[in-house]
Amino acid sequence: MIDKEQLLKEWDFSSIPSPCYVLHESMLSANMGVIDKVRKATKAHIIVALKANAMWSIFPVLKKNSDGATASSLAEARLVYEEFGEKSHTYAPVYTANEIDEILSLSSHITFNSLSQYRRYAGKAHAAHVSCGLRVNPEYSTVETDLYNPCNRGSRLGILSEDLQELPAGIEGLHFHALCESRPNDLRQTLAAVEKRFGKFFPRIKWLNMGGGHLMTHKDYDEDELIGILNEFQSKHPHLQLILEPGSAFTWDTGCLVATVEDKVCNGGINTMLLNVSFACHMPDCLEMPYKPVILGAHEPVEGERRWRMGGNSCLAGDFYGDWAFDGGKEPEIGDKIVFRDMIHYTMVKTTMFNGVTHPSIGIWNPQKGFRLVREFGYEDYKNRMS
């Protein structure tokens, strides 16, 4: 495994435009190595979840190191088909009559969130020769943040065991999703809950989709433990095709959001650097989770250190996060760059054009070839969203 911290310190950001999401090919390659290790050591299929990253300029790399892709909407299913070159495993909380036919034409597998949705569209799905599954709610999750926990009893996501006494005809798979940036033992415990509540159906299905949240590319994740869990479960159910659809794992810690300090203010004794990016627009997951991103060359302040908030450039009062102190007391000046780490998964797909603020460009950094601009955004992108 490469030392990503050292790689970042050696990275020359002077040629990177700002604001810009920029992916580092060496970091991506390191992640692919871990995912391939799990794929080769098990019989599980590991597929790419577009909800975490839809940067289709890197689809050739992702396709080479995965077993397909999963979509949660018609737009994602189209992108998988057009740019990944395959039909998708599709799941959405609800399907609509005006989209279902096209979704089915773009899907190899489809998971229904409720029995009523399955009954409504089963005929169409079988006629289209799409493998059908049901999402189940194991009523167990180690996820502590409610916003990201789909397994609460009142959750709208998945069918409770008490409501699934019999498996409907034509169902070939079950799907559960209960993890979020989780470790192998979280999967072990969740599998036990799934087996307890829904194991009676295992002999009658062909595949079991274990959803996402398997953060196997995190530096503290034990992928050998994951391999052991999957192989042990497979030995008990050798007829099942196991499927994992991690979102974050493919592009975890593979790049940055590069911003620039445009102003500095001190109001009420609070120091704030005003940036040319926005937490509300470009890093909304920081505010909603919430989580504090890592800034290259900065650290958690200690007693007596001068501390700084980072302020976004939208007019939302809460468009800020903090605090940080800078290594060696070397504080950025106006015009200097601020580099937010690990901004390629989820952050990019959640960005908005609220306030019409300038949308970050997208680029790729190759250590030998330098920076390549993949996409630039302008007024027409904002205007066309509003028309």
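These numbers come from a predicted model, not from an experiment.

Basis of the calculations
- Residues numbered from 1 in each chain as written.
- Predicted model: local features only at pLDDT ≥ 70, side-chain atom pairs only at ≥ 80, totals over all residues.
- Heavy atoms only, no water.
- Helix = DSSP H or I, 4+ residues; strand = E, 2+ residues; numbered from the N terminus.
- Buried < 20%, exposed > 50% of the residue type's maximum accessible area, 1.4 Å probe, protein only.
- Contact = heavy atoms within 4.5 Å.
- Expected span 1.5 Å × (residues − 1).
- Disulfide = S-S within 2.5 Å.
- Phe/Tyr/Trp six-rings, centres within 6.5 Å; stacked < 30°, edge-to-face > 60°.

Now for the environment of Val-357. Here Val-357 is to be found in the loop between helix H12 (347-350) and strand S17 (361-366). Given a relative accessible area of 12%, Val-357 falls into the buried group. Placed 72 residues apart in sequence, Val-357 and Asp-285 show a C-alpha to C-alpha distance of 18 Å. Excluding anything up to four places from it in sequence, Val-357 contacts Cys-281, His-282, Asn-313 and Ser-314.

In this section: helix H2 (residues 25-41). Over its 17 residues, H2 extends 24 Å from the first C-alpha to the last, a length consistent with the 24 Å expected when each residue adds 1.5 Å. Those residues of H2 that fall on the buried side of the exposure criterion are Met-27, Leu-28, Ala-30, Asn-31, Met-32, Val-34, Ile-35, Asp-36, Val-38 and Arg-39.

Here we take up the state of the cysteines. If you walk through the whole model with that rule in mind, you get zero disulfides. Cys-281 carries a free sulfur, and the closest cysteine sulfur to it, the one in Cys-315, is 8.9 Å from it. Look at Cys-281 and you get buried, because its relative accessible area is 0%. With relative accessibility at 63%, the residue Cys-315 sits in the exposed group.

Right, let's get into the packing of aromatic side chains. Evaluation of the coordinates by the stated rule reveals ten aromatic pairs. Ring geometry for Trp-11 and Trp-365: centres 6.0 Å apart, planes at 45°, overall tilted. Of the two residues, Trp-11 sits in the loop between helix H1 (4-10) and strand S1 (20-24) while Trp-365 sits in strand S17, which places them 354 residues apart along the sequence. On the accessibility criterion, Trp-11 (6% relative accessible area) is buried. Where Trp-324 meets Phe-340, the ring centres are 6.5 Å apart and the plane angle is 75°; that geometry is what we call edge-to-face. With Trp-324 in strand S15 (residues 320-326) and Phe-340 in strand S16 (residues 337-341), the pair connects residues that are 16 residues apart, well separated along the chain. Judged by relative accessible area, which is 2%, Trp-324 ranks as buried.

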